[in-house]
Amino acid sequence: MQLTRAGFLALLWLFVLAALRVVRSDLYAASGLRVAVPGFRKSVAGKRGKVPRQLVVTHGALAGTRITLDGRPILMGRADDSTLVLDDDYASTRHARLSLRGTDWYVEDLGSTNGTYLDRAKVTQPLRVPLGVPIRIGKTVIELRS
Amino acid sequence: MSSPVQGAVGPTTGQSNAGVNPAAAPTRRGTELLLLGFAAIVVSAALMLVEANQEQQLTFRIFWYGLAFLGLFGIAHVAVRRFAPYADPLILPCVALLNGLGLVMIYRIDLAMTEVALRAGKQINNDVPRQILWTTVALGLFLAVLVVVKDHRTLTKYHYTFGLVGLVLLALPALLPSAIAPTINGAKIWLKVGPFSLQPGEFSKILLLVFFAAFLVAKRDLFMAAGRRVLGIDLPRARDLGPVVFAWACSLGVLVFQKDLGTSLLFFGTILVMLYVATERGIWVGLGLTLFVGGAVVAYKLFTHVQQRVANWFDPLATYAQAGGGYQIAQALFGLGTGGVGGTGLGAGRPELVPLANTDFIAAAIGEELGFIGLAALLMVYTVLALRGMRSALAVRDTFGKLLGGGLSFLLIMQVFVVVGGVTKLIPMTGITAPFLSYGGSSLLANYVLVAILLRISDAARRPQTGSRPRPVPQAPIAEAHTVMVERPT
């Protein structure tokens, strides 16, 4: 009798805990802010203030251009619907894309002819872009800044 | 609120998102089904305990009841899967658990009442078959809302209609003769239709909420900008504020004259919160609270039933023996005290000693049999429900959805606050049902409609956007189209 009573209360709370687990697991997913799972702890771990806020073109014809990052992906290439329209002979129409996953920005090459370079490495798969590391597309170099 | 919802687009572009990436946007319907199963187990266990403690025959029947319960909500689940695949996975299981436990509790009180009636040599009608019928009807309505309202934004088209219908429904019981609209428990808020009585006010709550949300969205900028400054407050122009004040005053007036204090409190609070959400001005809350205190004092001076309620609240034992006195609250408190921390166990308490134990005072019955721990768990479930609603409101991209979702979630949690606060003597008792738990068809139907709209909004919030580039891609003439450079020696 006592056992069933306690057991039922435990069952009830198990339901609540299961529900809260679901709440935790998609703390960020509902607003599309988080895709990769391990982002949760990282975002809390005091990186506040060092979140990339803008994209700066440091070299090339567009040097000095700044684009504010608002979470939407940034398309780079010569196509005029790109976010950053590159007027660079070495760039392809759709060259590369920067996109936000969780709290990090990732660069991915969209099958360009001459390639995209993160620092000195050629981008063959989506790579995380740390702050201040140059991304080179042809003669254009861009950087993320906070 | 007007700033673009960041990250909403995610790593998709207008060109390459023909197929939705399942990893980026999980529908989480599996989680929902799992939790529904869990809810069914909890409800079956509750039923089993009631049967055992009430010395009913423990048969295989309970298993079938549990399965039927799961089946009923399984249909709802399939409907959600089909019509709102990205809806929030927690809302439906929470509702299922609350509704199921409510059914068990009503059944349990039925058993007790039947015993009392048998001893007195009378026959009474059991409430639980009716409530099961209502649950089925409510789930049907839930389905209908999900199917008909494909996008919550379509609701804005009819917002004046909704507002009008809401007001009419609200006023209907007060205007109709007593033959159709009888006065039950001191309030004239019911309509008798055949063997059933309906409380149209429950539905008008939602209709008026839709109206207010749409209206505030349409007039939001005018609210903020045009207007006069009085005592440091930017008051909107009278013609912008007019409809809101009119509807607000009408609903409150009607409710006060119907002596339905709980619902008027709900209306007042919810609309206040929506005004605050829409304008982001804390002054509305201050103004509203001032108005509320003023209104409460006036109501106290004018109406004897308000004085009675307040007297019962201050000291239920002082008015214990009077008609309409503190007997009910005192009994509820005795019940909660008997339950204590761990409760007496399901089916082992005496919840029938509280009048109206299966409607307004169901929280007392649950507190008695499940104790503080159990009641706290149920309040947590309510909180999770409202939390998920608020979360959807935050994540959804359109302002109307935000306002409506926030308003509906707040309405839900405010109902819980008003009724549980009343039962536990935190605030004066106002007759209101606990959503999903209490016996009552109208409340159940209305709350299922509310949940259906919330699911629709959460579906819109979580659905990955397809083809929503900010501007259409201009098609370049073929001669000017870019040529992709293939190779260039460096």
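Because the structure is a prediction, the values reported are computed rather than measured.

**Focus: the overall build of chain B**
Okay, so step 1: Within chain B one finds 14 helices and 4 strands.
Okay, so step 2: Looking at chain B residue by residue over its 490 residues, the buried ones come to 53%.
Okay, so step 3: Taking contacts inside chain B between residues at least 6 apart in sequence as the whole, the part at least 24 apart equals 73%.
Okay, so step 4: Total accessible area on chain B is roughly 21800 Å²; 68% of this is exposed by carbon and sulfur atoms.

**Re the overall build of chain A**
Okay, so step 1: Each helix and strand counted, chain A has 2 helices and 11 strands in total.
Okay, so step 2: Shown N-terminal to C-terminal, the secondary structure of chain A runs as helices and strands in the order α-α-β-β-β-β-β-β-β-β-β-β-β.
Okay, so step 3: Residue burial in chain A is summarised as follows: out of 146 residues, 42% are buried.
Okay, so step 4: Taking contacts inside chain A between residues at least 6 apart in sequence as the whole, the part at least 24 apart equals 36%.
Okay, so step 5: Accessible surface for chain A amounts to roughly 7400 Å². Of this, 55% is attributable to carbon and sulfur atoms.

**Focus: empty space enclosed by the protein**
Where empty space is left in the structure can be found by rolling a water-sized probe over the atoms.
All names here are of chain B.
Okay, so step 1: On inspection of all chains with the given rule, the structure shows 4 cavities of 30 Å³ or more.
Okay, so step 2: By volume, the second largest cavity is sized at about 80 Å³.
Okay, so step 3: Taken together, the elements giving at least two residues each to the lining of the second largest cavity come down to α5 (159-175) and α6 (200-224).
Okay, so step 4: Among the elements that make up the lining of the second largest cavity, the one with the highest residue count is α6 (4 residues).
Okay, so step 5: Taken together, the residues of the lining of the second largest cavity sort by class into 6 nonpolar, 4 polar and 3 charged.

**A short note on the pairing of strand β3 (residues 74-77) of chain A**
All names here are of chain A.
Okay, so step 1: Residues of β3 alternate between two faces, with Ile74 and Met76 on one and Leu75 and Gly77 on the opposite face, all of them buried.
Okay, so step 2: Here β3 pairs with strand β5 (residues 96-101) via 3 bridges, running antiparallel. Residue pairing across strands places Leu75 opposite Arg97, the latter belonging to β5.
Okay, so step 3: The pairing of β3 with strand β4 (residues 84-85) spans 2 bridges and is classified as parallel. Residue pairing across strands places Met76 opposite Leu84, the latter belonging to β4.

**Examining the sheet that holds strand β2 (residues 66-68) of chain A**
Residue and element names in this part refer to chain A.
Okay, so step 1: Here 6 strands make up an open sheet; going across it, the order is β2-β1-β11-β10-β7-β8 and the pairing antiparallel. A strand with exactly one partner marks an edge of an open sheet, and here the two such strands are β2 and β8 (121-122).
Okay, so step 2: Here strand β7 (residues 116-118) pairs with strand β10 (residues 135-137) via 3 bridges, running antiparallel. What sits directly across from Leu118, in β10, is Ile135.

**Focus on helix α2 (residues 61-83) of chain B**
Residues and elements named next belong to chain B.
Okay, so step 1: Here α2 contains 23 residues, and its C-alpha end-to-end distance of 33 Å stays within 8% of the 33 Å for a straight helix at 1.5 Å per residue.
Okay, so step 2: Within α2, burial applies to Ile62, Gly66, Phe69, Phe73, Gly74, Ala76, His77, Ala79 and Val80.
Okay, so step 3: Structurally, α2 contributes buried residues whose contacts are with α1 (29-53), α3 (91-119), α4 (128-148) and α14 (441-462).

**Description of a nonpolar patch on the surface**
Residues and elements named next belong to chain B.
Okay, so step 1: Together, Tyr276, Val285, Leu289, Phe292, Val293 and Val297 line one region of the surface with nonpolar side chains, adding up to about 500 Å² of accessible area.
Okay, so step 2: Per-element tally for the nonpolar patch: the top contributor is helix α9 (residues 282-302), with 5 residues.
Okay, so step 3: Assignment of secondary structure puts Val297 in helix α9.
Okay, so step 4: Judged by its relative accessible area of 44%, Val297 is partly exposed.

**Quick notes on the packing of aromatic side chains**
Residues and elements named next belong to chain B.
Okay, so step 1: Applying the stated rule across the entire model yields 13 aromatic pairs over all chains.
Okay, so step 2: With a centroid separation of 5.5 Å and an interplanar angle of 70 degrees, the aromatic rings of Phe63 and Trp64 are classed as edge-to-face.
Okay, so step 3: Overall, Trp64 belongs to the exposed group, its relative accessible area being 51%.
Okay, so step 4: Relative to Phe73, the ring of Phe69 lies with its centre 4.9 Å away and its plane at 55 degrees, an arrangement referred to as tilted. Of this pair, Phe69 and Phe73 both sit in helix α2, 4 residues apart, which is roughly one turn of that helix. Both residues of the pair, Phe69 and Phe73, belong to the buried class.

**A short note on the pattern of salt bridges**
Okay, so step 1: Applying the stated criterion across every chain yields a total of 15 salt bridges over all chains.
Okay, so step 2: Between Glu51 of chain B and Arg61 of chain B there is a salt bridge, and its shortest N-O distance comes to 3.1 Å. Here Glu51 of chain B is found in helix α1, whereas its partner Arg61 of chain B is found in helix α2, with 10 residues between them in sequence.
Okay, so step 3: Note that Glu202 of chain B is salt-bridged to Lys205 of chain B, the shortest N-O span being 2.9 Å. Note that Glu202 of chain B and Lys205 of chain B are positioned in helix α6 at a spacing of 3 residues, about one turn of the helix. Lys205 of chain B matches Glu202 of chain B in its accessibility class, with the two residues each being buried.
Okay, so step 4: Here the salt bridges share partners, and the residues they tie into one network are Arg97, Arg101 and Glu108 of chain A.

Cut-offs and rules
- Starting afresh in each chain, residues are numbered from 1 along the sequence in its written order.
- As they are written, the chains are lettered A onward and the ligands numbered 1 onward, keeping that order.
- Residues qualify for local features only when their pLDDT is at least 70, as the model is predicted, and side-chain atom pairs are given and counted only at 80 or more; totals for whole chains, interfaces and linings, by contrast, use all residues.
- Computation of side-chain values: all heavy atoms of the structure, hydrogens and water removed.
- Secondary structure follows DSSP: runs of H or I at least 4 residues long count as helices, runs of E at least 2 residues long count as strands, and numbering of each begins at the N terminus.
- Each residue is assigned to one of three classes by its accessible area relative to the maximum for its type, calculated with a 1.4 Å probe on protein chains only: buried under 20%, partly exposed between the two thresholds, exposed over 50%.
- By definition, residues are in contact when any of their heavy atoms lie within 4.5 Å.
- Note on areas: these come from Shrake-Rupley sampling with a 1.4 Å probe, and a residue is covered only by the protein chains present in the view.
- A cavity here means a set of points on a 1 Å grid, drawn over the protein atoms and nothing else, where a 1.4 Å probe fits but cannot get out; a pocket is an open set with protein on both sides within 12 Å along at least five of seven lines, and a residue lines either one if it has an atom within 4 Å of a point.
- Grid points are joined across faces, edges and corners, and a volume is the space filled by probe spheres set on the points.
- Classification used: nonpolar for Ala, Val, Leu, Ile, Met, Phe, Trp, Tyr, Cys and Pro, charged for Asp, Glu, Lys and Arg, polar for all others including Gly.
- We call two strands paired when DSSP finds no fewer than two bridges between them.
- To estimate how far a helix should reach, multiply one less than its number of residues by 1.5 Å.
- Patch membership is restricted to residues that have no salt bridge and whose relative accessible area is over 30%. Joining uses 9 Å for like charges and 5 Å for the nonpolar side chains Val, Leu, Ile, Met, Phe, Trp and Tyr.
- Any carboxyl oxygen of Asp or Glu within 4 Å of a side-chain nitrogen of Lys or Arg constitutes a salt bridge here.
- Geometry of aromatic contacts follows a simple scheme: Phe, Tyr and Trp rings, the Trp one being its six-membered ring, pair when their centres are within 6.5 Å, and the pair is stacked under 30 degrees between planes, edge-to-face over 60, tilted otherwise.

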